[in-house]
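Observations on the three-dimensional arrangement
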Amino acid sequence: MNDDHVAYDLVSRPRRLRTTPAMRRFSAETRVAPAELILPVFVKEGLSEPQPLASMPGVVQHSMDSLRRAAAEAVELGLGGFMLFGVPETRDAVGSAALDPEGILNRGIRAVREEVGDDIVVMSDLCLDEFTDHGHCGVLDEQGRVDNDRTLEIYGRMGVAQAEAGAHMVAPSGMMDGQVGVIRAALDAAGHEDISVLAYSAKYSSAFYGPFREAVDSTLTGDRKAYQMDPSNRREALLEMQLDLDEGADMVMVKPAMSYLDILREVADASPVPVSAYQISGEYAMIEAAAANGWINRDAAIRESVLSIKRAGANSILTYYATELARWFRDENGR
């Protein structure tokens, strides 16, 4: 020992497990596989070709033919789920097209099931916002407020219509009190006991939904703060999850994902059923915009963002990057 150096025996050196790419892969605690990814897709009535979305580069509103191709590709890449949203040509105050067996969403579900059968979990968004002329997630009362209980009756019928079209799993996203219980009861009464319910249990009123409004041609004016959750609330998420579980939810979801990773962690720790999280349109658009300006590495940001959602506790992740991530996985793993 001399005056310039103090000897210290470094027994623990965590950097040993970071020395090479192979070592880092070997010691990774969290991995994302294609089977854990769900691709959200939009099918629009009246299209003969897919229509790109300006606010979400790389994402389109599908025609029926391109929807079929997207579903086949999702199966080929080993994705876990395929979530459909419908965009109708005409809308009314009560969202009639949502119940029509020939409505765009129900036709889309049928087309996907014809294309892929049971090779992927075919999932359908169960909400009225795409189908109402006012853009809210339920029917309105005389004061212009969303009428929870009248909306529930329609949700129950929507669930049955989507099950009869071929959905394996319905996903009520409107944040109406009692929605899971009503849908579960309606499905069971119609003989669809095997159809699963993915509950949007903690869906927050978020500034990051903006690009989604373009994707579904939203007619909304105002906001949804009277029924979606307040971003400041944490305990309420656990209450909403428990209510959905009590009503028969098979899976639960946190939405958005990246701004609510703390909520996702708490829900994952408390939930006895699988947990999903949705990397929403605004999260996607921010990565794309920053990458287009050269401010971030696009591919690295995609990987890190989705990995963070898995690390926080999600068993499955809805992301518009699902097919791209699955291609990378196949290229890197020789599958």
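If you're wondering where the values come from, they're calculated on a predicted model, not measured in any experiment.

Further remarks concern the pairing of strand β1 (residues 37-44). For β1, a buried count of 8 out of 8 residues is recorded, marking the element as mostly surrounded by other parts of the structure. Where burial is concerned, the two faces of β1 agree: the one with L37, L39, V41 and V43 and the one with I38, P40, F42 and K44 are both buried. Bridge analysis of β1 against strand β10 (residues 316-318) gives 2 bridges, and the strand direction is parallel. Looking at β10, one finds that L37 is bridged to I317. Of the strand pairs in this sheet, β1 and strand β4 (residues 81-87) are connected by 7 bridges, and their pairing is parallel. Looking across to β4, one finds that L39 is bridged to F82. Strand direction decides the pairing type here: β1 and strand β3 (residues 60-62), joined by 2 bridges, are parallel. By the bridge assignment, F42 is partnered in β3 with Q61.

Further remarks concern the UniProt feature "binding site: Mg(2+)" (unreviewed entry) in the chain. Feature annotation in UniProt places "binding site: Mg(2+)" (unreviewed entry) on E240, given in this structure's numbering. Mapped onto the secondary structure, E240 falls in helix α7 (residues 235-246). In this structure E240 comes out as buried when scored by relative accessible area, which is 15%. Leave out the neighbours within four places in its chain, and E240 touches M175, S201 and M229.

Turning our eyes to something else, we now look at the UniProt feature "binding site: 5-aminolevulinate 2" (unreviewed entry) in the chain. UniProt records the feature "binding site: 5-aminolevulinate 2" (unreviewed entry) at S281 and Y320, using the numbering of this structure. The annotated residues occupy 40 residues of the chain but converge on a single region, no pair of C-alpha atoms lying more than 7.9 Å apart. Topologically, S281 is positioned in helix α9 (residues 281-292). A relative accessible area of 1% means that S281 is categorised as buried. Relative to the helices and strands, Y320 is located in the loop between β10 and α11 (322-333). Of note is the side chain of Y320, whose polar atom sits 2.8 Å from the side chain of Y278.

Let us look at helix α10 (residues 298-311). Across its 14 residues, α10 extends 20 Å between first and last C-alpha, which sits within 8% of the 20 Å expected from 1.5 Å per residue. For α10, the full list of buried residues reads A301, I302, S305, V306, S308, I309 and K310. Check the buried side of α10 and you find it contacts β1, α8 (261-270), β9 (275-278), α9, β10 and α11. Where α10 starts, the residue carrying a side-chain oxygen 3.2 Å from the main-chain nitrogen of D299 turns out to be N297. Downstream of α10 by one or two residues, G313 has phi in the positive range, about 130°.

Within this structure, the stated rule accounts for 19 salt bridges. Of the charged contacts, one joins R327 and E73 as a salt bridge, the two residues approaching to 2.7 Å between their closest N and O atoms. On the criterion of sequence distance, the pair formed by R327 in helix α11 and E73 in helix α2 (residues 64-76) is long-range, its members being 254 residues apart. For R298, the salt bridge identified is with D299, shortest N-O distance 3.5 Å. Relative accessible area serves as the criterion here: at 24%, R298 is assigned to the partly exposed category. Sharing partners across several salt bridges, the network here consists of E288, R298, D299 and E324.

Moving on, we come to the pairing of strand β5 (residues 121-126). The buried fraction of β5 is high, at 5 of 6 residues. Relative to β5, β4 runs parallel, the two being bridged by 4 bridges. Note that in β5 the partner of G81 across the bridge is V121. Of the strand pairs in this sheet, β5 and strand β6 (residues 169-172) are connected by 4 bridges, and their pairing is parallel. From the neighbouring strand, M123 faces β6, where its bridge partner is M169.

With that out of the way, let us pick up the packing of helix α4 (residues 148-165) against helix α5 (residues 179-189). Contact pair α4 / α5: the axes reach a minimum separation of 8 Å and the direction vectors enclose 45°. By the angle class used here, α4 and α5 are oblique. In this structure, the crossing between α4 and α5 has a hand that is right-handed. Note on element contacts: α5 touches α4 through Q179, V182, I183, A186 and L187, opposite L152, Y155, G156, G159, V160 and A163. The residue makeup of the contact of α4 with α5, split by class, is 8 nonpolar, 3 polar and no charged.

About the cut-offs
Residues numbered from 1 in each chain as written. Predicted model: local features only at pLDDT ≥ 70, side-chain atom pairs only at ≥ 80, totals over all residues. Heavy atoms only, no water. Buried < 20%, exposed > 50% of the residue type's maximum accessible area, 1.4 Å probe, protein only. Helix = DSSP H or I, 4+ residues; strand = E, 2+ residues; numbered from the N terminus. Pairing = 2+ DSSP bridges. UniProt positions renumbered as here; feature names shortened; annotations may be inferred. Contact = heavy atoms within 4.5 Å. Polar contact = N/O pair within 3.5 Å; in protein donor to acceptor, adjacent residues only side chain to side chain. Expected span 1.5 Å × (residues − 1). Salt bridge = Lys/Arg side-chain N within 4 Å of Asp/Glu carboxyl O. Axes fitted to C-alpha atoms, helices over the stretch in contact; angles between N-to-C directions. Parallel < 35°, antiparallel > 145°, perpendicular 65-115°, else oblique. Left-handed = near helix turned anticlockwise from the far one by under 90°. Nonpolar A, V, L, I, M, F, W, Y, C, P; charged D, E, K, R; others polar.

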